[in-house]
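# Fold and contact review
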Amino acid sequence: MSSTSRDERCLLAVPKKGRLHERCMKLLQGCGLECERAERLDIAHCDNIPITLVFLPAADIPKFVGEGNVDIGITGQDVIREESVDVTQLLELGFGKCQLAVQAPKGQYASAADLIGKKIVTSFPNLTAQFFKELAASKGRTEDTTVVAVGGSVEVSCTMGLGDAVVDLVETGATMDAAGLEKLDVILRTQCVLIANKSCGHPAIVDRLKKRMQGFLDAQQYSMVSYNVHAANKAAAIAITPGRRSPNVTNLEEEGWFAISAMVKKSELMDVMDRLADCGAIDILAFDIRSCRGSAQSQ
Ligand SMILES: Nc1ncnc2c1ncn2[C@@H]1O[C@H](COP(=O)(O)OP(=O)(O)OP(=O)(O)O)[C@@H](O)[C@H]1O
Ligand SMILES: O=P(O)(O)OC[C@H]1O[C@H](OP(=O)(O)OP(=O)(O)O)[C@H](O)[C@@H]1O
Ligand SMILES: [Mg+2]
């Protein structure tokens, strides 16, 4: 373990379990953080960078970051909005994407407005109360909507007679469908983000971690393609692989031939390789990128 003291170490809060935990650990590993977590301990010091991980429930992370108990954290935008804490959002991480949605038993209500004055069960009482208050105001309605807060398993609430409808997270819609519910409205779209305390004391470490995260996320989205092409087909091939800034073009020993490499979006990779072959490129290879730095998106 490193000998750096608490003040020299940046405290990073990470969801302690569930789907966000796995994705966060993969991201931190991709950023080169080496740390060992002793069994059942919710703290782990990184050996190769002055960062200490603190494992906390995802919903508690906004408060801990906002109040400065930890310097930075990774959690969902949904719980940040629910806690209405004032933190700096540094980076969208592209996972934990879902919607916070108003859901009611199938076929019973035409819209969320039909639920004004009813009883709504949710783990997001603040956002739900605010949503129905604004909805009622926009419709000129005066009834108060009752919000019942529960800690989980929200979807079963209607079946159990706890409420008329629910507000909960929807990703694929499978849970909602299985519970006999349908989506009436979306309160917010959320994903996992890196956040920092407003007066975080470790700007250099935080900036380095943010750049590593951006590099890892960029690398996951792109592949590197390299190929050889004759001068006659060079312009057409470059048009297919313009790269993020520009392709790398070098002369081959063989007269009139060029070696070209460029970053290509993974989602377009197969199509790009087909089109390169069709326009006369040969020796077309694709490589995974482990990480990257300094790309326009990462500035
Ligand atoms: N189905 C989902 N798809 C994508 N993101 C989700 C989903 N469910 C939850 N999230 C995101 O993960 C955050 C944490 O959710 P939650 O506290 O339920 O933990 P979990 O990872 O689902 O673990 P568990 O359900 O085992 O407690 C949510 O605030 C939300 O941002
Ligand atoms: O639209 P879907 O893909 O079905 O995902 C939505 C479900 O995922 C989350 O539950 P989770 O599995 O985390 O269980 P929990 O309710 O106990 O947190 C969320 O609370 C929904 O129930
Ligand atoms: Mg969950």
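Residues numbered from 1 in each chain as written. Chains lettered and ligands numbered in written order. Predicted model: local features only at pLDDT ≥ 70, side-chain atom pairs only at ≥ 80, totals over all residues.

## Section: the UniProt feature "domain: Histidine biosynthesis HisG C-terminal" (unreviewed entry) in the chain
We apply this condition: UniProt positions are given in the numbering used here, feature names are shortened, and annotations may be inferred rather than shown by experiment. The helix and strand labels rest on DSSP assignments: H or I over at least four residues marks a helix, E over at least two residues marks a strand, and numbering proceeds from the N terminus.
According to UniProt, the feature "domain: Histidine biosynthesis HisG C-terminal" (unreviewed entry) maps to residues 219-290 in the numbering used here. Between the C-alpha atoms that bound residues 219-290 the distance is 6 Å, and the span itself is 32% helix and 40% strand.

## What about the domain arrangement of the chain?
Note the threshold: All domain edges in this entry derive from an automatic or database-based domain assignment. Whether two residues are in contact depends on their C-beta atoms, placed from the backbone: they are in contact if these lie within 7 Å.
Each domain of the chain was delimited in the assignment, giving domain 1 (6-94 + 192-197), domain 2 (98-190) and domain 3 (221-298). Put simply, the middle of domain 1 and the middle of domain 2, counted by C-alpha atoms, are 29 Å apart. Counting residues at the interface gives six residues for domain 1, matched by seven residues for domain 2. The leading source of residues in the side of domain 1 that touches domain 2 is helix H3 (residues 77-83), at four residues.

## Examining the nonpolar core
Our working definition: Only buried residues count toward a nonpolar core: Ala, Val, Leu, Ile, Met, Phe, Trp, Tyr and Cys, linked into one set through C-beta atoms within 7 Å. Three exposure classes are used, based on other C-beta atoms lying within 10 Å of a residue's own C-beta, which is placed from the backbone: buried for 20 or more, exposed for 12 or fewer, and partly exposed in between.
Residues Leu12, Ala13, Val65 and Ile72 are the most contacted members of the largest nonpolar core, which totals 52 residues. Here this core gathers at least three residues from each of two domains, domain 1 (6-94 + 192-197) and domain 3 (221-298). Contact partners of Ala13, with chain neighbours within four places excluded, come to Val54, Leu56, Ile61, Phe64, Val65, Val70 and Gly73. With 22 residues, the next largest nonpolar core counts Ala104, Ala112, Phe124 and Phe131 among its residues.

## Digging into the pairing of strand E11 (residues 192-196)
To keep it simple, the criterion reads: DSSP calls a pair of strands paired once it identifies at least 2 bridges connecting them.
Of all the five residues making up E11, four are buried; the element is thus mostly covered by neighbouring parts of the structure. Both strand E4 (residues 72-76) and E11 contribute to a ladder of five bridges, which runs antiparallel. Each bridged residue has a counterpart across the sheet, and for Thr75 the counterpart in E11 is Val193. Here strand E5 (residues 88-92) pairs with E11 via four bridges, running antiparallel.

## Brief notes about the site of ligand 2
What counts is decided by this rule: The criterion for a residue being near a molecule or strand is a backbone-placed C-beta atom within 6 Å of that molecule or strand. For this scheme, ten residues count as nonpolar: Ala, Val, Leu, Ile, Met, Phe, Trp, Tyr, Cys and Pro. Four count as charged, namely Asp, Glu, Lys and Arg, and the remainder, Gly too, count as polar.
Near ligand 2 the following residues occur: Gly152, Ser153, Glu155, Asp168, Leu169, Val170, Glu171, Thr172, Gly173, Ala174, Thr175 and Met176. Where the shell around ligand 2 is concerned, the elements lending two or more residues are strand E9 (165-170) and helix H5 (174-178). Residue composition of the shell around ligand 2, by class: four nonpolar, five polar and three charged.

## Brief notes about the site of ligand 1
The full set close to ligand 1 counts 15 residues, and Gly18, Ala58, Gly76, Cys98 and Glu171 are the nearest of them. Every element with two or more residues in the shell around ligand 1 is listed here: helix H1 (18-30) and H3. With three residues, the single largest contributor to the shell around ligand 1 is H1. By residue class, the composition of the shell around ligand 1 is six nonpolar, four polar and five charged. Counting residues domain by domain, the shell around ligand 1 receives three or more from each of domain 1 (6-94 + 192-197) and domain 2 (98-190).

## What about the sheet that holds E11?
To be explicit about the condition: The convention used is that axes are lines fitted to C-alpha atoms, helices contributing only their stretch in contact, and that angles between N-to-C directions extend from 0 to 180 degrees.
Strand order across the open sheet formed by six strands is E2-E3-E1-E4-E11-E5, with mixed pairing between neighbours. Single-partner strands in this sheet number two, and they are strand E2 (43-45) and E5. Direction aside, the axes of adjacent strands within the sheet are offset by 25° on average. Here strand E1 (residues 10-15) runs beside E4; their pairing, made up of two bridges, is parallel. Across the sheet, residue Ala13 finds its bridge partner in E4, namely Gly73. The strands touched by helix H6 (residues 203-221) are E1, strand E3 (51-56), E4, E5 and E11; relative to E5, the strand with the most contacts, the crossing angle is about 25°.

## A look at the pairing of strand E8 (residues 146-149)
Going by this rule: When the strands point away from the viewer, a crossover counts as right-handed if the route from the first strand across the helix to the second turns clockwise.
Pairing of strand E7 (residues 119-122) with E8, which is carried by four bridges, proceeds in the parallel orientation. Bridge pairing links Val121 to Val148 in E8. Crossover E7 to E8 through helix H4 (residues 125-139) is right-handed.

## Details of the environment of Ser246
Position of Ser246 among the secondary structure elements: in the loop between helix H7 (231-240) and strand E13 (248-251). Separated by 224 residues in the primary sequence, Ser246 and Glu22 have C-alpha atoms spaced 35 Å apart.

## Some points on the sheet that holds strand E10 (residues 181-190)
Judged by pairing direction, the sheet is mixed, and its five strands sit side by side in the order E8-E7-E9-E6-E10 without closing on themselves. At either margin of the open sheet sits one strand with a lone partner, and together these are E8 and E10. Each strand axis lies, on average, 25° off the axis of its neighbour in the sheet, ignoring direction. By the bridge criterion, eight bridges tie strand E6 (residues 98-105) to E10 in an arrangement that is antiparallel. The partner of Cys98 across the bridge, within E10, is Thr190.

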